[in-house]
Amino acid sequence: MLRDPSTKYRPFPTIDLPDRQWPSRVITQAPRWLSTDLRDGNQALIDPMDAEKKTRLFDLLVKVGLKEIEVGFPSAGATEFDFISGLVKTGRIPDDVFVQVLTQSRRDLIETSFASLDGAKQAIVHLYNAVSPAWRKIVFGMTRDEVKRIAIEGVKVLRDEAAKRPDTDWRFEYSPETFSTAELDFSLEVCAAVMDVLQPTADKPIIFNLPATVECATPNVYADQIEWFGRNIPNRECVVISLHTHNDRGTGVAAAELGLMAGADRVEGCLLGNGERTGNCDLVTVALNMYTQGVSPGLDLSDIDGIVNTINYCTNIPVHPRTPYAGDLVFTAFSGSHQDAIKKGFAAQSARNDELWEVPYLPIDPADLGRSYEAVIRVNSQSGKGGVAWVIEQDKGLKLPKRLQADFSRHVQALADETSRELGAADIWGRFEATYLPRDDDRFVLRDYEESGSAGDRLFVGRVAVDGAERSISGRGNGLISGVIAALGETGPDLDVVDYSEHAIGHGADAQAAAYVECRTADGRTVFGVGMDTDIATASVRAVLSAANRA
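Residues numbered from 1 in each chain as written. Predicted model: local features only at pLDDT ≥ 70, side-chain atom pairs only at ≥ 80, totals over all residues. Heavy atoms only, no water.

> Describe a nonpolar patch on the surface, naming the residues involved and giving the relevant values.
On the surface, Trp135, Ile138, Val139, Phe140 and Met142 cluster together to form a nonpolar patch covering roughly 460 Å² of accessible area. Relative to the helices and strands, Val139 resides in helix H5 (residues 133–140). Of the residues examined, Val139 reaches a relative accessible area of 48% and is grouped as partly exposed. (Patch = residues over 30% accessible without salt bridge, like charges linked within 9 Å, V, L, I, M, F, W, Y side chains within 5 Å. Areas by Shrake-Rupley, 256 points an atom, 1.4 Å probe, with all protein chains shown as cover. Salt bridge = Lys/Arg side-chain N within 4 Å of Asp/Glu carboxyl O. Helix = DSSP H or I, 4+ residues; strand = E, 2+ residues; numbered from the N terminus. Buried < 20%, exposed > 50% of the residue type's maximum accessible area, 1.4 Å probe, protein only.)

> Let's hear about the packing of helix H14 (residues 402–419) against helix H15 (residues 425–436): which residues, and what values?
Relative to each other, H14 and H15 sit at 120°, their axes nearing to 10 Å. It follows from the interaxial angle that H14 and H15 lie oblique. Of the two elements, H14 crosses H15, and the hand of that crossing is right-handed. Residues Leu404, Asp407, Phe408, His411, Val412, Leu415 and Glu418 of H14 lie in contact with H15, whose contacting residues are Asp427, Ile428, Arg431, Phe432, Thr435 and Tyr436. (Axes fitted to C-alpha atoms, helices over the stretch in contact; angles between N-to-C directions. Parallel < 35°, antiparallel > 145°, perpendicular 65-115°, else oblique. Left-handed = near helix turned anticlockwise from the far one by under 90°. Contact = heavy atoms within 4.5 Å.)

> A description of the packing of helix H4 (residues 107–116) against helix H6 (residues 144–163) should follow, citing residues and the corresponding values.
Two elements in contact, H4 and H6, have axes whose closest approach is 10 Å; the angle formed by their N-to-C orientations is 30°. Between H4 and H6, the crossing angle belongs to the class labelled roughly parallel. With respect to the hand of their crossing, H4 and H6 are arranged in right-handed fashion. Within the contact between the two elements, H4 uses Arg107, Ile110, Glu111 and Phe114 and H6 uses Gly154, Val157, Leu158, Glu161 and Ala162. Within the contact of H4 with H6, the residues separate by chemical class into five nonpolar, one polar and three charged. (Nonpolar A, V, L, I, M, F, W, Y, C, P; charged D, E, K, R; others polar.)

> A description of the environment of Asp510 should follow, citing residues and the corresponding values.
In this fold, Asp510 is placed in the loop between strand E12 (495–505) and strand E13 (512–521). Counting along the chain gives 429 residues from Asp510 to Phe81, while the straight-line C-alpha distance between them is 63 Å.

> Which residues make up the sheet that holds strand E11 (residues 469–477), and what values go with them?
If you walk across this open sheet you meet the three strands as E9-E10-E11, and the pairing is antiparallel. A single partner strand is all that each edge strand has here, and the edge strands are strand E9 (444–454) and E11. For this sheet the average axis-to-axis angle between neighbouring strands, irrespective of direction, equals 15°. Where strand E10 (residues 457–466) lies against E11, nine bridges are found, and the strand directions are antiparallel. By the bridge assignment, Arg458 is partnered in E11 with Gly477. Relative to E11, helix H16 (residues 480–488) is tilted by about 130°, and along the sheet it contacts E9, E10 and E11. Taken strand by strand, helix H17 (residues 536–550) contacts E9 and E10, and its axis lies near 130° from that of E9. (Pairing = 2+ DSSP bridges.)

Shown next as structure tokens:
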């Protein structure tokens, strides 16, 4: 890298727009969406999709609810042409969906594009030519007037080819390609000339797609460009301003959002951001960003895993686990403090009297996207007591008291350090059983018991295996637990009960009960016991014996 990059790179110029309005605006409704997965996304693949994969992806786009789908570049070759023509001829295109095709501004390519759509109920033909200085000078060697003439001649062919096919509802899109690095006045001049030829109306507006073909500036500059264009294009009511951002600087989504605030009407992109170089605008992220602000995106993303699986299959590109909303790990917390906040958030959420979502670290309810809560908290060596308790509660229904959470967390931490890997629910439950629940080799093993007496004076009589030898023990107390402790005093540790809690696990006649006891030994140590049984009294006895075994 250069010590002084200014000798090689120039900062992108800002836009003279002192009275810009977009910074004070918010997005209050969904835009029109255009998926270019089958065109821009497909051309970016090492191995382009075959017809079967393209058809599967097309069906997904329709299922998600996209009403405008760019299906390909028909003049690129027979594979593209046949796929597009096949969609039309087989009736696979729903009546409320506009398919779109892309073409360069050349007569033969435009004619081929129209031919691929013969018989379509409705369609959009998208024509483009590059207008920026670098392209004019380096690629084409043309003047501004010559570049504008390319656009004019191309849209004349659009007009004439559409007139030959009056049974199709034709719509037109024009892109001054490389808009974001072109002079604004020249982009406007070319688009106005296109309008002069096509004569759009408010009922049949022209789509002007203003692409950040290569992202070269911060998103606010793009927003300024969009607002300036919207202010200055003639007959704005006859124009749909469409955004097509790329992610070269990592801000394709932000540029699209600011572009909408600047007055754009439509967003082009790909599900999960596939596309040339660093990718296109991720439509899923933009849509769900709106959703989390209370704005319906008009797209059904409720089966996010199904979307991910289809995209993976069709593109042969894995979705990164940190991809917003869609990645495997985006709703997962390993950090102890994060887990504790999420656990408390879910508890507070269940106690609310309204449906407003307010859970720390989770900007969206995973259930809205078809995800379960089981994977929200996962345990490794960085996890804390809250995360461990969450997994136990979700997997087994046990609601551990706070001090028991801390005690058990030490055991899980030791296991995580020993294994140096993420711990699953089975790992955690195995350690819980080994630590607190009865085993045949425990010092005290309950066989049977009876309880009798009056309130405040209870007698516990139990058959208990002590060091493998079965014997009868008894004790009196003001309740069952104190009676058990008194009975253990004959052969067991001297325990003082500090805390006791219980709860049901599940519902109905077959529901189990869980009991938890915290005790202090004669030498000041704290021990915990856990008991589970279909009978709550028996669960309490087991909890005391569990504590005695750990004393």
